[in-house]
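If you want the building blocks of each chain, they are given just below.
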Amino acid sequence: MSTSFHLNGAAVAAPIAPEASLLAALRGPLGLSGTRFGCGAEQCGACLVLVDDHPQFACTLPVSAVAGRRVTTVEGLGTPDSPHPVQRALLELQAGQCGFCLSGIQIRAVALLRETPRPSEDQVRAALEPHLCRCGSHNRILRAILRAAEEMAPMEAAPRGATP
Amino acid sequence: MNLAFLGPQPADGRPKLPGSLQVNRRLDQWLRMLPEGAVVLTPGKVELGQGILTALAQIAAEELDVALPRIRVQAAATPTSPDEAVTSGSLSVQESGMAIRHACAEARGIFVGVIAQRSGVSREDIVVRDGDFVAPDGRVLGSYWSLAEAALLAVEATPDATPKRADQRRVTGTSAARLDLPEKVFGAPRFIQDLRLPGMLHARMVRPAARGAKLVSLRDGALPNGATIHRDGSFLAVLAPEEHEAEAAALRVAARAEWAVRDTLPDHTESWLAGAPGEASTVLDRVAETPEPAHRVSGRFFRPFVTHASIGTCCALAQWDGARMRIWSHSQGIYNLRADLVKAMHLPAEAFHIQHVEGAGCYGHNGADDVALEAALLARAHPGVPVRVLWSRAEELGWGPVSPAMLVDVAAEADAEGTLLRWTQHVTSNGHSGRPGRGALPTLLAASILAEPFAVPNAINPPLAGGGGAQRNAVPGYAIPALHVGMTHLAEMPVRTSALRGLGALANVWAIESVMDEMAAKAGADPLAYRLRQMEDARARDVLTRAAEMANWSGRVKREGFGLGLAVARYKGTGAWCAAVAEIEAAERVFCRRLWLAADVGEVINPDGTLNQIEGGAIQATSLCLLEQVRHDARNVLAGSWEDYPILRFSEVPQVEATLVARPEAPPLGAGECSMGPVIGAIANAIADALDIRLRHWPFTPENIAKAIEPTCPN
Ligand code: FES
Ligand code: FES
């Protein structure tokens, strides 16, 4: 009883019932707790992961659905020595209080910036709509994602969207 | 509400010491040196996402003269950490910070004294450079680290230490980066929900079908692999080796449980508040003869039950070895939790070793303590096996303590110019503190449903001198000759209530600042000028003037569908000052588009962290007043998911500009809660500016706005 897939670049087999959620597999047998449980109902975004580069709620996705696919979690984005630009920007702007919402938000930001490298502030807000933050860190998070966008696409002449 | 609430200290003849040092006097309770060149700081206050550990580390680095990265802040644990009661009420810098400032200054003096004696260099000539003690000729005479084993801090603090003057500080007053944030950004296992112990069982509670329901019977049936049931009266839980199996088992068991239910919750919260029995008291009474008024404003302000709505759900782990109960908890007050566990479990205090582990932001007393008792009860039934309990979203929104529904009745009188003559304010509410550890009975959720149950103690309102509860900020900060403030503390508590960020201040400031605006309008005065001329407190005037400037209040232009409003308050009447200007847009519903905030929190340890807190409080307050109310029927709180209890989402979040009035010489006052009341007041006043209606019902939804538009008797 196990499901095989690629997790943050490595082949893994999750020894868990196929109907268990991907979130349960990640936080349980796979030992990666960076993906958070917040609601279990696709209402808060805390559990967001990338499946083949597309954002998915891990809380409702059966682990069997990712068999053979590529899953990226927050642990796969960067490390303290080699942070993802989104992570670097979040830290530079101290964009978080308790930080519980940040894993899912980072995944969303990475997905957004892949599709829309120079988003406007409104586009970032719209992309983050499925995510809840109770600490009120929203504005800093928005600024951090816009800053990361700038860093990641330095070649373009001028930002399209509003930057603070 | 913390140490202040304990009242005057025993007159044991010992000298008064700053903050929590007064009741935890040994220096080695607070810090110790490590030979490898680090300082371990052991505060009793805990990290809630507010950045307190970083601020405390800055204070220690400052006074010890060591580089900030050398400070390791250890999370609180019983029985070794100083007992600093609860991390709440914007008091952590005052209580813990000032204790650490003093303890570290004294520690520095002790070490320098020993080095001076040993080296013959006079102590005045010794400079401390990143933990090294340096003589005038540049020789390094020793260090904290070389003396780490000397037990120099195994002494009581004295009042003699002299911390640095404001102009000597280099580390505090700067925006050091949060020590805990990198792990949270990189997804490292730092939260309590991430903790895994070998051989651990996952547990889920099966909640009663209604408030106060009794478990009558439980049908037998199959359970997932290895799952078991634990029952003690109406306390019902399932345990399983795998988390998803515990979840599946809980659903099955819930379907097999039969409960005796009855109606316990009021039909209509507002009428219940108005009619329920309670104890009335006077908060403040200032008698004065006043002339016949030219203007009168009165109103009844209603605020529903609201709740903490943490993004992470409550969690605890416990392990019982027959004599010792180890608990891992995100409680805001581990000693207070211990006190209630002692009562609920009939075990001695020494049996409990409680380790604080960070959780998601809690914003007050949520279910963190409740889940710790649940884990401990289950662990006791499974000796040797660690048990982890995690709440569901429905439990988080529906079963933790809620913040009380409130009525605030205000009547104000003014002369023809609008100058206030008389003000009465009466607050009706349940208690705002049901925190554990303060009464004869445990306040923890499970205690009342065990086979040998405890009665549910009524939540309290601490006295105003301790910060107050329902009456917090019920005393207006304006010059008013005749003033009467009263409170009715309700005797019955249909839903368990306790502390939520700001306590009664949110409703009181909303009411006061609404009435001030109405009175200004009657007198034909500008709301800013009207307030300024009746405020004697210069620091209040400063923040209000500043916020108004930031928002270009005097140059504001009326725009169709938009409104601008302002409000100001000094939190608790003794804490930080904050003024807010809000711009709202009245579309299909009300959106707050912009906020300008000016705050005076006295000395600022970490400006960026303080601004983060002030902005966070402002956004949370926006969410609370525009969207939030706990709904219930006669039997249950109806909050199964975020759809039942919506909070502000990214598209609705206002832009925020916040600034701090610098007061480096003034005592620090805490920042986490000061912006909330003023933001709600400012939003209400902005709605009035846009729509020409006065809201008396929270939340400010289209439904409640419609209620305000219906013609009522003029008052
Ligand atoms: S936990 Fe998946 S969206 Fe909330
Ligand atoms: S930082 Fe706490 S929920 Fe977003």
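Once a new chain begins, its residue numbering starts again from 1 and follows that chain's sequence as written. As they are written, the chains are lettered A onward and the ligands numbered 1 onward, keeping that order. This being a predicted model, a pLDDT of at least 70 is required before a residue's local features are given, and a value of 80 or more before pairs of side-chain atoms are given or counted; all residues contribute to the totals for chains, interfaces and linings. Excluding hydrogens and water, the side-chain figures rest on all heavy atoms present in the structure.

### Quick notes on helix α7 (residues 368-380) of chain B
All names here are of chain B.
Then, number 1: Each helix corresponds to a stretch of at least 4 residues labelled H or I by DSSP, and each strand to a stretch of at least 2 residues labelled E; elements are numbered beginning at the N terminus. One fewer than the residue count of a helix, multiplied by 1.5 Å, yields its expected span. Spanning 13 residues, α7 covers 19 Å between terminal C-alpha atoms, matching the ideal 18 Å at 1.5 Å per step.
Then, number 2: Of all 13 residues in α7, twelve are buried; the element is thus mostly enclosed.
Then, number 3: Among all positions in α7, only Ala-368, Asp-369, Asp-370, Val-371, Ala-372, Leu-373, Glu-374, Ala-375, Ala-376, Leu-377, Leu-378 and Ala-379 are buried. A 1.4 Å probe rolled over the protein chains alone gives each residue an accessible area, and that area as a share of the maximum for its type sets the label: buried under 20%, exposed over 50%, partly exposed in between.

### Let's talk about the domain arrangement of chain B
Residues and elements named next belong to chain B.
Then, number 1: The domains assigned to chain B are domain 1 (3-169), domain 2 (195-261 + 308-398) and domain 3 (276-305 + 402-432 + 468-709).
Then, number 2: The split of the chain into domains comes from an automatic or database domain assignment. For domain 1 and domain 2, the distance between their C-alpha centres works out to 37 Å.
Then, number 3: Residue contacts follow a heavy-atom distance rule, with two residues in contact if any of their heavy atoms lie within 4.5 Å. Contact with domain 1, which involves 17 residues of that partner, is made by 15 residues of domain 2.
Then, number 4: A buried area of about 1300 Å², summed over both sides, lies between domain 1 and domain 2, and 55% of it is on carbon and sulfur atoms. By definition, the buried area sums, over both parts, the 1.4 Å-probe accessible area that each loses when the two are put together.

### Structural notes on the sheet that holds strand β15 (residues 325-329) of chain B
All names here are of chain B.
Then, number 1: Taken in spatial order, the seven strands line up as β9-β10-β7-β17-β14-β15-β16 in an open sheet, and their pairing is mixed. Every interior strand has two partners, whereas the edge strands, β9 (228-232) and β16 (352-356), have only one. Put simply, the sheet's adjacent strands are angled 25° from each other on average, direction ignored.
Then, number 2: Two strands form a pair only when DSSP identifies at least two bridges running between them. Of the pairings in the sheet, the one linking strand β14 (residues 315-320) to β15 comprises five bridges and is antiparallel in character. By the bridge assignment for β15, Gln-319 is matched with Arg-326.
Then, number 3: Where helices are involved, their axes are fitted lines through C-alpha atoms of the stretch in contact, as for all axes, and angles between N-to-C directions lie from 0 to 180°. Taken strand by strand, helix α6 (residues 334-345) contacts β15 and β16, and its axis lies near 145° from that of β16.

### Examining the interface of chain B and chain A
How big an interface is tends to be expressed through the accessible area that disappears when the partners come together.
Then, number 1: Tallying the contact residues gives 55 residues for chain B and 47 residues for chain A.
Then, number 2: Summing the contributions of chain B and of chain A, the shared interface buries around 4400 Å²; its carbon and sulfur component is 54%.
Then, number 3: Considering only the side of chain B, the residues that lose the most area to chain A are Phe-186, Ile-311 and Phe-650 of chain B, jointly responsible for 22% of the buried surface there.
Then, number 4: The term salt bridge refers to a side-chain nitrogen of Lys or Arg lying within 4 Å of a carboxyl oxygen of Asp or Glu. Counting the contacts that link chain B with chain A gives four salt bridges.
Then, number 5: Between Arg-140 of chain A and Asp-608 of chain B there is a salt bridge, with its nearest N and O atoms 3.0 Å apart.
Then, number 6: Here a polar contact is taken to be a pair of N or O atoms separated by no more than 3.5 Å, where protein atoms must pair a possible hydrogen donor with a possible acceptor and residues adjacent in sequence count only if both atoms sit in side chains. There are 30 residue pairs in polar contact (both at pLDDT 80 or more) connecting chain B and chain A.
Then, number 7: Mapped by element, the contributors of at least two residues to the side of chain B that touches chain A are α3 (181-185), β17 (387-390), α12 (607-627) and β24 (655-660) of chain B.
Then, number 8: Here the side of chain B that touches chain A gets ten residues from one element, more than from any other, and that element is α12 of chain B.

### Points about the packing of aromatic side chains
Residues and elements named next belong to chain B.
Then, number 1: The criterion for an aromatic pair is that two Phe, Tyr or Trp rings (for Trp, the six-membered ring) have centres within 6.5 Å, with stacked assigned to planes under 30 degrees apart, edge-to-face to planes over 60 apart and tilted to the rest. Under the defined criterion, the tally for this structure stands at eight aromatic pairs over all chains.
Then, number 2: With 5.0 Å between their ring centres and 80° between their planes, Phe-111 and Tyr-144 make a pair best called edge-to-face. With Phe-111 in helix α2 (residues 92-119) and Tyr-144 in the loop between β6 (140-143) and α3, this residue pair connects regions lying 33 residues apart in the sequence.
Then, number 3: Considering the side-chain rings of Trp-510 and Phe-700, the 5.6 Å spacing of their centres and the 55° angle between planes classify their relative orientation as tilted. Residue Trp-510 is located in helix α9 (residues 505-522), and its partner Phe-700 is located in the loop between α13 (676-691) and α14 (702-709); the two are separated by 190 residues in the primary sequence.
Then, number 4: Residue classification places Trp-510 among the buried residues on the basis of a relative accessible area of 0%.
Then, number 5: The structure contains a cluster of three or more aromatic residues connected by ring pairs, namely Phe-111, Phe-133, Tyr-144 and Trp-145.
Then, number 6: The rule for a charge over a ring is simple: NZ of Lys or CZ of Arg within 6 Å of the ring centre, and within 35 degrees of the ring normal. The ring of Trp-399 carries Arg-211 above its face, with NZ or CZ at 3.9 Å from the centroid.

### Points about the pairing of strand β18 (residues 406-414) of chain B
Residue and element names in this part refer to chain B.
Then, number 1: Most of β18 is tucked away, with seven of its nine residues classed as buried.
Then, number 2: Pairing geometry for strand β13 (residues 295-303) and β18, over nine bridges, is antiparallel. The partner of Arg-300 across the bridge, within β18, is Asp-409.
Then, number 3: Of the pairings in the sheet, the one linking β18 to strand β19 (residues 420-429) comprises nine bridges and is antiparallel in character. Across the sheet, Val-410 pairs through a bridge with Gln-425, a residue of β19.
Then, number 4: Hairpin connection, β18 to β19: the antiparallel pair is bridged by five residues, and Gly-418 has positive phi, about 95°.

### So, the sheet that holds strand β22 (residues 577-586) of chain B
One key point about sheets: their strands pair by backbone hydrogen bonds, in either a parallel or an antiparallel sense.
All names here are of chain B.
Then, number 1: Taken together, the four strands give an open sheet; going across it, the order is β21-β22-β23-β24, and neighbouring strands pair in mixed fashion. One side of each edge strand has no neighbouring strand; the edge strands of this open sheet are β21 (562-570) and β24. Going from strand to strand, the sheet's axes swing by 15° on average, the running direction of each strand aside.

### Here we look at the side chain of Arg-134 of chain A
Then, number 1: Secondary-structure assignment places Arg-134 of chain A in the loop between α4 (121-127) and α5 (138-152).
Then, number 2: Discounting chain neighbours no more than four positions away, the residues touching Arg-134 of chain A are Thr-307, His-308, Ala-309, Ile-311, Tyr-363, Gln-620, Ser-623, Leu-624, Glu-628, Tyr-645 and Ile-647 of chain B.

### Things to note about the side chain of Glu-513 of chain B
Residue and element names in this part refer to chain B.
Then, number 1: Within the secondary structure, Glu-513 is located in helix α9.
Then, number 2: Residue class for Glu-513 comes out buried when judged on its relative accessible area of 1%.
Then, number 3: Side-chain polar atoms of Glu-513 contact the backbone nitrogen of Val-568, separated by 3.0 Å.
Then, number 4: Leaving out residues up to four positions away in the same chain, Glu-513 has contacts with Tyr-478, Arg-531, Leu-566, Ala-567, Val-568, Gly-681 and Asn-685.

### Focus on the environment of Leu-506 of chain B
All names here are of chain B.
Then, number 1: By secondary structure assignment, the location of Leu-506 is in helix α9.
Then, number 2: By relative accessible area, Leu-506 is classed as buried at 2%.
Then, number 3: Taking C-alpha positions, Leu-506 is 9.6 Å from Cys-674, a pair spaced 168 residues apart along the chain.
Then, number 4: The contacts of Leu-506, once residues within four sequence positions are left out, are Arg-501, Leu-624, Met-676, Gly-677, Ile-680 and Trp-698.

### Side note on the domain arrangement of chain A
All names here are of chain A.
Then, number 1: On domain assignment, one finds that chain A holds domain 1 (3-76) and domain 2 (85-157).
Then, number 2: The straight-line distance from the C-alpha centre of domain 1 to that of domain 2 is 21 Å.
Then, number 3: Listed by partner, the interface residues are 16 residues for domain 1 and 13 residues for domain 2.
Then, number 4: Summed over both partners, the interface of domain 1 with domain 2 comes to about 1200 Å²; 62% of that surface belongs to carbon and sulfur atoms.
Then, number 5: Connecting domain 1 to domain 2 are one salt bridge.
Then, number 6: Across the pair Asp-53 and Arg-114 runs a salt bridge, and its minimum N-O distance is 3.5 Å.
Then, number 7: Applying the counting rule to domain 1 against domain 2 returns three residue pairs in polar contact (both at pLDDT 80 or more).
Then, number 8: Only β3 (48-51) and β4 (54-57) provide two or more residues apiece to the side of domain 1 that touches domain 2.
Then, number 9: Broken down by element, the residue count for the side of domain 1 that touches domain 2 peaks at three residues, all from β3.
Then, number 10: By the convention adopted, Pro, Cys, Tyr, Trp, Phe, Met, Ile, Leu, Val and Ala count as nonpolar, Lys, Arg, Asp and Glu as charged, and the other residues, Gly among them, as polar. In terms of residue class, the side of domain 1 that touches domain 2 is made up of nine nonpolar, five polar and two charged.

### A few points about the pairing of strand β1 (residues 3-7) of chain A
Residue and element names in this part refer to chain A.
Then, number 1: Across the two faces of β1 the burial differs, with Thr-3, Phe-5 and Leu-7 buried and Ser-4 and His-6 not buried at all.
Then, number 2: Pairing geometry for β1 and strand β2 (residues 10-14), over five bridges, is antiparallel. The partner of Phe-5 across the bridge, within β2, is Val-12.
Then, number 3: In textbook terms, the turn of a hairpin is the stretch between consecutive antiparallel strands, and for β1 and β2 this stretch comprises two residues, one of which, Asn-8, has a positive phi near 50°.

### Here's the deal with the nonpolar core
Then, number 1: Only buried Ala, Val, Leu, Ile, Met, Phe, Trp, Tyr and Cys residues count toward a nonpolar core, and they belong to the same one when joined by side-chain atoms within 4.5 Å. Judged by nonpolar contacts, the single largest core of 185 residues is most densely connected at Leu-22 and Ile-141 of chain A together with Trp-423, Ile-683 and Phe-700 of chain B.
Then, number 2: The element contributing the most residues to this core is α9 of chain B, with ten residues.
Then, number 3: Not counting chain neighbours up to four residues away, the residues in contact with Leu-22 of chain A comprise Phe-5, Val-49, Val-51, Ala-58, Leu-61, Pro-62, Val-63, Val-66 and Val-71 of chain A.
Then, number 4: Counting 46 residues, the second-largest nonpolar core is a separate cluster that includes Leu-31, Val-39, Leu-56 and Tyr-144 of chain B.

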